[in-house]
Structures are given as structure tokens and as C-alpha cells.
Amino acid sequence: MTIRALSLPPTDTEIDDWTAVLASARAADLPQGPPPARTEVAGRLRVTPARGRAALWTADEGAGVAALLLFTDEANAHTAFLDVLAVRPDARRRGLGRALWEQVRAELLAHGRTSVSTLVDLGGPGQAFAESLGFENVLPMAWYEQDVTRQRHAAAVAPGYELRSWHGLVPDEWAAPLATAHGAMQDAPMGDIDEKIEPWTPQRLHAAHRLVLDRGGEITTAAAVTPRGEVAAYTELVLPDPAGPRALQYDTVVAPAHRGHGLGRAVKLHMLELARDRYPALCRIATTVADENTPMRAVNESLGYRPDRPAAYYQLSL
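Only a predicted model underlies this, so the values are computations on that prediction, with no experimental measurement involved. (Residues numbered from 1 in each chain as written. Predicted model: local features only at pLDDT ≥ 70, side-chain atom pairs only at ≥ 80, totals over all residues. Heavy atoms only, no water.)

Before we go on, may I ask you to explain the overall build of the chain in this structure?
For the chain, the count of helices and strands is 8 helices and 12 strands. Across its three principal directions, the C-alpha atoms of the chain cover 65 × 40 × 35 Å. Long-range pairs, those at least 24 residues apart, make up 72% of the contacts in the chain with a sequence separation of at least 6. For the chain, the exposed area adds up to about 14,900 Å²; of that, 52% sits on carbon and sulfur atoms. Averaged over its 32 positive side-chain charges, the chain has a centre that lies 3 Å from the centre of its 39 negative ones. (Helix = DSSP H or I, 4+ residues; strand = E, 2+ residues; numbered from the N terminus. Contact = heavy atoms within 4.5 Å. Areas by Shrake-Rupley, 256 points an atom, 1.4 Å probe, with all protein chains shown as cover. Lys, Arg positive; Asp, Glu negative; His and termini not counted. Charge placed at Lys NZ, Arg CZ, Asp CG, Glu CD.)

Would you take a moment to explain the side chain of Thr 287 for this structure?
By the element assignment, Thr 287 lies in strand β11 (residues 284–290). A distance of 3.1 Å separates a polar atom in the side chain of Thr 287 from the backbone oxygen of Gln 249. Apart from the residues lying within four places of it in its own chain, the contact partners of Thr 287 are Ala 142, Trp 143, Tyr 144, Gln 249, Asn 300 and Tyr 305. (Polar contact = N/O pair within 3.5 Å; in protein donor to acceptor, adjacent residues only side chain to side chain.)

What is the right way to read the environment of Leu 30 from this model?
Residue placement: Leu 30 occurs in the loop between α1 (12–29) and α2 (38–46). Sequence separation of Leu 30 and Thr 201 is 171 residues, and the distance between their C-alpha atoms is 37 Å. Discounting chain neighbours no more than four positions away, the residues touching Leu 30 are Ala 25, Asp 121 and Arg 309.

What is the right way to look at helix α3 (residues 96–110) in this model?
The periodicity of an α-helix, 3.6 residues per turn, causes residues three or four places apart in sequence to face the same way. Between its first and last C-alpha atoms α3 spans 21 Å; for 15 residues at 1.5 Å apiece the expected length is 21 Å, and the two agree. Buried residues of α3: Leu 96, Gly 97, Ala 99, Leu 100, Trp 101, Val 104, Glu 107 and Leu 108, and no others. Gly 112 lies just past α3 and shows a positive phi near 70 degrees. (Expected span 1.5 Å × (residues − 1). Buried < 20%, exposed > 50% of the residue type's maximum accessible area, 1.4 Å probe, protein only.)

Honestly, the pattern of salt bridges in this entry has me stumped. Any pointers?
Where charged atoms from two side chains of opposite charge come close, those side chains can pair. Counted by the stated rule, this structure contains 19 salt bridges. A salt bridge links Arg 92 to Asp 29; the shortest N-O distance between them is 3.0 Å. With Arg 92 in the loop between β4 (80–87) and α3 and Asp 29 in helix α1, this residue pair connects regions lying 63 residues apart in the sequence. Of the charged contacts, one joins Arg 210 and Asp 214 as a salt bridge, the two residues approaching to 3.9 Å between their closest N and O atoms. Here Arg 210 and its partner Asp 214 are both found in helix α6 (residues 202–214), 4 residues apart, which amounts to about one turn of the helix. Residue classification places Asp 214 among the partly exposed residues on the basis of a relative accessible area of 43%. (Salt bridge = Lys/Arg side-chain N within 4 Å of Asp/Glu carboxyl O.)

What am I meant to see in the nonpolar core here?
As a rule of thumb, nonpolar side chains are buried together in soluble globular proteins. Ranked by size, the top nonpolar core spans 24 residues in total, and within it Trp 57, Leu 68, Trp 101, Val 104, Leu 108, Val 116 and Phe 135 carry the most contacts. Of all the secondary structure elements, the ones that give two or more residues to this core are β2 (52–59), β3 (64–71), β4, α3, β5 (115–121) and β12 (306–317). Counting residues per element, this core draws most heavily on α3, at 5 residues. Residues within four places of Phe 135 in sequence aside, it is in contact with Trp 101, Val 116, Thr 118, Ala 130, Tyr 314, Gln 315 and Leu 316. Counting residues in each nonpolar core, the second largest holds 18 residues, with Met 271, Leu 282, Ile 285 and Val 289 among its members. (Core = buried A, V, L, I, M, F, W, Y, C linked by side-chain atoms within 4.5 Å.)

Help me understand the environment of Pro 36, please; the structure alone is not making it clear to me.
In this structure, Pro 36 sits in the loop between α1 and α2. The class for Pro 36 is buried, based on a relative accessible area of 14%. When the C-alpha atoms of Pro 36 and Val 21 are compared, they prove to be 9.9 Å apart, with 15 residues separating the residues in sequence. Once residues lying within four places of it in the same chain are set aside, the contact partners of Pro 36 are Thr 19, Leu 22, Ala 23, Arg 26 and Val 41.

It is not clear to me how the pairing of β2 should be interpreted in this structure. Could you clarify?
A regular strand places its side chains on the two faces of the sheet in alternate fashion. Taking burial as the measure, the 8 residues of β2 include 7 buried ones, the bulk of the element. Of the strand pairs in this sheet, strand β1 (residues 3–5) and β2 are connected by 3 bridges, and their pairing is antiparallel. Bridge pairing in β2 places Ile 3 opposite Ala 59. What sits between the antiparallel neighbours β2 and β3 is a turn of 4 residues, in which Asp 60 has the positive phi angle 45 degrees. (Pairing = 2+ DSSP bridges.)

Next comes the structure, spelled out in C-alpha cells:
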């Protein structure tokens, strides 16, 4: 059994092998889901977030892979995120997953990390493996999907607000108001996740959006704004592969002072209109919502989101 660390950035052959592992694992574990797009895989392997450092490993010439993100911001220098640990179905039950985990664990300890979290689909081998290592469920949630091709009512916004949208980087004059609105995410359910939320600044906002673009994806922000220049609500849509049939709904936030006016629904409907016009191949939008986030689940249900599969953030204290 051979575990090898990948140098950064990985070669095209290494990206192809990595994509093949993820595709075979997903076909076995989530046969109803789409295969991973190479564009998305290549972007995630080649471009690391500004607030982290990536460590990558491959096992037995591409039979298994693992990716760890070590946070480098001061508030989270104690923790990390296990982004990927996957083994091809035909290579399982040989200890490859455990061997990859030992490499991950050694890296965590070498950098003084006291915890690590990961996102797990429930009811499958990922959950069983995580629990065998001592990981615990700290934030139950679920994946939801909606059919973009269905006809919906046009977006309307409450009096006193205006709908705006920006494709790619948000213009400088709106970056600070949008960063302020991002700060309202601090009251979103986080369970017992051992990760601190950094303050949002225009620089951090642009860095987060730039990451999507640098990885080969596209991002659109739809917002409800006030005459005073505030961002009262917003939602973000990301296409990791702009040519693909699926997208991800990122954050949707309504600032506390502007809640109760249907702004969450309005910005999401506006985003749907934009997405249908810009991406004719787009069929599905997926998002995650914490089980305890009842208001957002209700908004999503009213827009046609339906449960796809349960998931959770799992965490291990080292």
C-alpha cells in the first residue's frame, strides 16, 4: 500500500485520476446524483482558499484520495476541514481509507490542530466510516434541490426596496454594504462546529467571490437594496461548472432589521429568473439547510425545493 502526497499544483493526469475516484465512489454511494465535473475538481485542487492551505494525498496509484484544508486565519488556526476522503468501490475493504486517514491525522497533529470537521451524507458508507474514527454529528442538515425548468411567478419586492444583481465580483460601491449583510449570517445555526466566523469585509467578500472565478466557476449575487444604499437581503448562486446542468445556492441572508417583508423569497425568485436567462443548460439548483433553520426551510419549500438526502457536519476532537 502506497500513500503519496501530491505536489501543488497537481498535473492534468493527477486531476484525471482524482476525478475518476470521485466519479466511481459517487456512482456507488449516490447513484441518483450527477458525476463530478472535471472543471470543478481541477479548480478545487489547483486553487486553495486564501484563508487556508491544502494538503492532498493519493493511495495505490489513484485507488483513493484525500484532501485536507488547514485554516490559516488566526481565529481558526486550531481546526481544519476534511474536504475529501474517497476510495474506489473496487479497492475498498483493503484498509486504504484508514491509511489515508492516518496521513490526514498526522498532518493535523503536526500543525497543532485540535479538531477537524467534514460534511457527510447520512445513511451511507461515509457516515459509518466517520463514526468508526470517532467523528460525531454536530449539525444535522439536508440537501435540497429544485427544478429550474418549472415556470414560476415573476419576482416582486416589498415597497421601499429594489432588486439588484451582480454577475462575478460585486462592484466596489456595493462591496461594503454586502459585507455588512453577510455579517447577519452570524445568527445562522452552527450547531457545535468548532470554527469561528471571521468578520466580513469588502476584501474578504471579493476574495471569496474571486475564488469561485479562479476555480473556473461563475457566481451571481441577487439582492434587495434600500434607497440609503443598504443591502437588506441577498442570495448567491454558484456554478462550479458553468456549462453543467447543476448549480449551488450559497448563502441567503436577510438582515435582522429587514425581516418580515418576504425579502428572502424575493431575492431567490429574482435569482431564478436570472439563472434561467443566463444558463439555458441549467436544470437543478441544490442547497443545504440546517434542520433547525425552520424559516429558510419554509422559504425554500415555497419555491419548490424538495428534500434530496440527509447530511450533517461531523467533527472530531483530536
